[in-house]
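The lines below spell out each chain.
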Amino acid sequence: MSVNRLSSHFAMPIALLAFWPVSAPVNAAADIERGRYLVEALTACDNCHTARGPAGYDLSRRFSGGAQTFSGATYVVRGSNISPDVETGVGAWTDQELRAAIVDGVGREKRLAPVMPSDSYKPLTTRDLDAIIAVLRSAAPIRAPLPSPQQRSGEWAPHRMPGATATFDEGSLADKGARGLYVASLARCLSCHSSEIDGAPDYRDRLGAGGKIFRNAAGVAVASNITSHPVKGVGAWSDDELKRAITQGISRNGSPLRPPMSTLARAHFSKMSPDDLDALIAWIRTIPPKE
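Residues numbered from 1 in each chain as written. Predicted model: local features only at pLDDT ≥ 70, side-chain atom pairs only at ≥ 80, totals over all residues. Heavy atoms only, no water.

## Points about the overall build of the chain
Which entries qualify depends on this criterion: Helical segments are the DSSP runs of H or I of at least four residues, strand segments are the runs of E of at least two, and each set is numbered from the N terminus. Any two residues having at least one pair of non-hydrogen atoms within 4.5 Å are treated as being in contact. Note on areas: these come from Shrake-Rupley sampling with a 1.4 Å probe, and a residue is covered only by the protein chains present in the view.
Scanning the chain for helices and strands turns up 10 helices and nine strands. Of the contacts formed within the chain by residues at least 6 apart in sequence, a portion of 57% connects residues at least 24 apart. Surface exposure of the chain reaches about 15,400 Å², of which carbon and sulfur atoms provide 57%.

## So, the pattern of salt bridges
Note the threshold: By salt bridge we mean one thing: a side-chain nitrogen of Lys or Arg within 4 Å of a carboxyl oxygen of Asp or Glu. Burial status follows relative accessibility: with a 1.4 Å probe on protein chains alone, a residue under 20% of its type maximum counts as buried, one over 50% as exposed, and anything between as partly exposed.
One pass over the structure, following the stated rule, counts 18 salt bridges. Glu 33 is the salt-bridge partner of Arg 36, the closest N and O atoms lying 3.9 Å from each other. Taken together, the residues Arg 36 and Glu 33, both in helix α1 (residues 3–43) and three residues apart, mark about one turn of the helix. For Arg 36, a relative accessible area of 37% puts it in the partly exposed group. Residue classification places Glu 33 among the exposed residues on the basis of a relative accessible area of 53%. Each of the salt bridges in this network shares a partner with another, and the network as a whole consists of Glu 40, Asp 46, Arg 62 and Lys 271.

## Remarks on the pairing of strand β3 (residues 69–72)
Spelled out, the test is: Only strands that DSSP links by at least two bridges are regarded as paired with each other.
Here β3 pairs with strand β4 (residues 75–78) via four bridges, running antiparallel. Counterpart to Phe 70 in the pairing with β4 is Val 77.

## Some points on unusual backbone geometry
Phi is mostly negative for residues that are not glycine, and the peptide bonds are mostly trans. At the junction of Pro 259 and Pro 260, the peptide bond is cis and its omega measures out at 10° in the coordinates. Tracing the backbone shows Pro 260 in the loop between α8 (239–248) and α9 (261–267). In this structure, Phe 63 takes a positive phi of about 70° despite not being glycine. For Phe 63, the position within the fold is in the loop between β2 (56–57) and β3. You will see that Asp 198, though not glycine, has its phi angle at about 55°, which is positive.

## Description of the sheet that holds strand β5 (residues 151–152)
Sheet architecture is open: three strands sit in the order β3-β4-β5, paired in antiparallel fashion. If you trace the sheet from one side to the other, it starts and ends with β3 and β5, each paired once. Pairing of β4 with β5 involves two bridges; the strand directions are antiparallel. Residue pairing in the sheet places Tyr 75 in a bridge with Arg 152 of β5.

Have a look at this one:
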């Protein structure tokens, strides 16, 4: 075989090899970027799974577990280690196991405590869910055994937000209303701002009407009414006033909101994209008025 024929024989495979790897890193980088946005601006994973220092989250120990204790009638838990450490984190978990934990609330051994907002994450598109997993896998593995207390008993039925009970199609997010609902669910707006019955949000009768009680180191806070009611809710608020509350934690009268909203606003929702923020506010205005 001549040199020319050899060159011709290998030309196509070499050309393919030259171009084949290019797309993979680009897609991986795009997925990581999208995943970071979701984790930092909407799902706020650090809020439960990263310890805090005097200046906020201790990112040197990111995802190694939070210090706050969450308790309910059937559980007392802390945010677990979701770093890729093989022994104490989720480094040995498969992607399928991580998907089940994030959107179905099912761990390797049993259901996770209901404080894990899997119901709110259920609408995650396939791409977005995988992007979040990519971010978890890209973090530094940190050995951090889960401290006590960890107590769970009983079973919990899903309580998903109306309209956000299943995986969203990527194309549906082009619609502003669907996008607003998607953002509201991932950011857990209604699970915090709806009254509860037996520890679960009452989406049927008190959707967005406020009343949920939060107890933390800053004291006691009661979630406000974010329905379209002009007096009891936010129906009379301007878009700019709503944006300031969501991203800066400042109320309509200029006073600071109390934790956890003020913390989430500054640490997470301030990073929300303009399109997502606009879609969220447009959707909030569709919540039926409740007193």
